[in-house]
Amino acid sequence: MADEQTAAGTDNQTGLNAPRALTGRHRILCSAEKVDAGNVVECLEHARTVHVLNASDEDYLHRYFLGVQPVLGREKAVRPSINNKVVENRAYQMTKDRADALVGEPVTYSVRGTGGKDHADAVSSDETDDLSHKVQLLNDCCEAADKHSCDLELAQWLCECGVAYRIVLPTKDVSKGGDMPFAVACLDPRDTFVVYRNDVFREPLFAVTAVRDELTREAKYTVYTDCERFVVSGGRVIESGPNQLGIVPVIEYQANPERMGVFEAVLSLFDAINEIESNRVDGIAQFIQSLIVFENVDMEADDWEDMCAKGAILVSSTSDMAAKVYAISAQLDQNQSQTLVDSLYKTALSICGMPFNTGGSASTSDTGAAVAMRDGWSNSENRCKETEAMWKRSERRFLKAALSVLETAGNIGLSPIQVEIKFTRRNYEAIQSKAQVLTTMLGSGKVHPRLAFEHCGMFSDPESAYDMSAAYVEEQREIQAEQFATQQLANAAKAEEATTAEDGGSDSGNDKGGSEKAANGKGTRPPSTKRSQEGDSK
């Protein structure tokens with residue numbers, strides 16, 4: 001945008017004229033009760049007067065982050081030929097570290113507590129499962145819209161400028177029941193702003209994003225209200241239409257209440273570090289290219305060139321006048337310079353709430369929580385929590401817009417109050433302790449398993465982990481029940497075979513006994529022949 005670049009006061013060489021004292025982005029307010037086709041141009045022009053100042057600071061911070069810093073425009077009065085310009089881009093390092101700490105892992109959603117109801121009217125298990133399914137559908141839609149990459153870009157702008165902007169709009173698939181009912185994008189804060197109502201609640205009144213034509217460089221401003229959309233160019237409305245979402249689709253995120261970037265408060269310290277490092281390199285160059293003093297020596301131009309080419313010179317001295325050739329070599333104390341740089345850098349990290357390991361304290365034997373409380377890690381965690389709280393306030397507005405699209409697409413029946421926003425930072429640290437917490441909560445019998453998965457901090461997506469685990473447990477239960485039934489049938493078959501074998505053995509034993517009785521003259525065996533002869537003789 002041409003007017004914003006003019007306000008920034010940049011030049012073509014470095015993009016920076018002089019260091020600035022920045023104090024955060026101004027919130028843009030409007031006293032109009034409603035923005036419509038009759039006053040949208042007037043409200044837009046009034047808001048742009050504030051946005052131009054914000055865009056100038058945002059452009060300065062973005063270029064500073066990229067390495068275009070004031071030291072590149074330094075001038076040297078003494079020996080200007082030796083003028084090294086060194087940029088130690090600590091702003092880039094600090095921005096990347098904080099952005100990765102915030103959203104290095106995806107921001108996910110889970111069922112919030114009792115689903116928005118009072119504890120006396122807590123939801124049942126079936127209702128909780130239904131809510132879990134709906135929240136998982138929301139996570140799937142965000143994954144389809146590639147929201148995580150948008151979050152990474154958003155967090156980087158947030159750490160650079162203190163504010164960032166996201167837009168959410170329905171896609172063409174919303175009426176067809178597609179996999180991606182809405183689309184999200186991160187907008188350039190230099191071309192985007194949100195205007196709030198001038199009251200105590202400061203609710204969004206309208207939002208503006210600009211697109212400039214590549215050929216004519218003419219800007220077109222798209223203005224979104226909660227019910228209408230306008231396209232303004234050349235001071236007039238050229239297009240208008242309804243906003244089906246029912247809310248302003250551009251959401252503003254802010255890093256802190258001051259709306260300042262991560263490194264914004266320590267720009268002067270970074271400039272001082274760059275100046276010191278540049279002077280250190282100059283000192284080395286000047287030591288190597290020291291000035292040569294010729295005392296009582298006649299030196300012509302040809303002699304100088306010959307000396308530079310051969311690296312030696314022949315001088316003559318007399319008893320009354322000694323000839324001397326020596327170099328002026330005042331060397332910079334590098335140890336003291338490094339001590340000063342370390343002090344400035346450590347101060348900058350402390351002010352910004354970043355962890356530091358200068359001074360050799362990182363080689364101690366402390367572990368676990370002791371390390372977290374030492375070397376600024378605790379302060380860094382507190383700053384991340386502050387940004388998380390500010391992020392969640394804007395994320396609620398995003399959920400309201402996204403769920404409005406899902407309600408139109410499939411009547412999902414989910415409200416933002418039923419959704420818990422989960423930041424999964426450091427979920428792999430102290431993994432053994434978290435696993436013990438999970439097993440203890442699951443084994444107590446007094447904590448719902450969903451709460452155990454949610455609060456153990458072990459999973460980046462506790463809803464998905466709970467659903468997978470519940471399905472696995474049910475599957476294992478069915479397998480065990482099937483194995484138990486199979487074993488019962490096998491045992492019954494073996495028992496029946498044993499009973500049949502016993503009955504068959506008893507019958508064969510009875511037949512064998514009768515035969516033996518007959519063979520021994522008992523039962524049906526005929527009488528003895530001797531006994532019959534004795535009866536006849538009588």
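Residues numbered from 1 in each chain as written. Predicted model: local features only at pLDDT ≥ 70, side-chain atom pairs only at ≥ 80, totals over all residues. Heavy atoms only, no water.

Draft legend 1. Structural view of unusual backbone geometry. Its identity is not glycine, yet Asp-146 carries a phi of approximately 60°, on the positive side. Inspection of the secondary structure assignment puts Asp-146 in the loop between α4 (125-144) and α5 (147-161). Phi is positive for Arg-259, which is not a glycine, with a value near 60°. With respect to the helices and strands, the residue Arg-259 is situated in the loop between β10 (250-254) and α6 (267-288). The class for Arg-259 is buried, based on a relative accessible area of 5%. (Helix = DSSP H or I, 4+ residues; strand = E, 2+ residues; numbered from the N terminus. Buried < 20%, exposed > 50% of the residue type's maximum accessible area, 1.4 Å probe, protein only.)

Draft legend 2. Region of interest: the pattern of salt bridges. Going through the model one piece at a time under the given rule, you end up with 19 salt bridges. Notably, a salt bridge pairs Arg-166 with Asp-151, separated by 2.7 Å at the nearest N-O pair. One end of the pair, Arg-166, is in strand β3 (residues 163-170); the other, Asp-151, is in helix α5, with 15 residues separating them in the sequence. Residues Arg-166 and Asp-151 agree in their burial class; the two are buried. As a salt-bridge pair, Arg-229 and Glu-239 come within 3.1 Å of each other at their nearest N and O atoms. Residue Arg-229 is found in strand β8 (residues 228-233), and its partner Glu-239 is found in strand β9 (residues 236-242); the two are separated by 10 residues along the sequence. Look at Arg-229 and you get partly exposed, because its relative accessible area is 24%. On the accessibility criterion, Glu-239 (39% relative accessible area) is partly exposed. (Salt bridge = Lys/Arg side-chain N within 4 Å of Asp/Glu carboxyl O.)

Draft legend 3. Geometry of the pairing of β3. Judged by how many residues are buried, β3 sits mostly within the fold: six of eight residues are covered. Alignment of β3 against β10, held across five bridges, turns out to be antiparallel. Each bridged residue has a counterpart across the sheet, and for Ile-167 the counterpart in β10 is Val-250. Examined bridge by bridge, β3 and strand β4 (residues 182-187) share six bridges and lie antiparallel to one another. (Pairing = 2+ DSSP bridges.)

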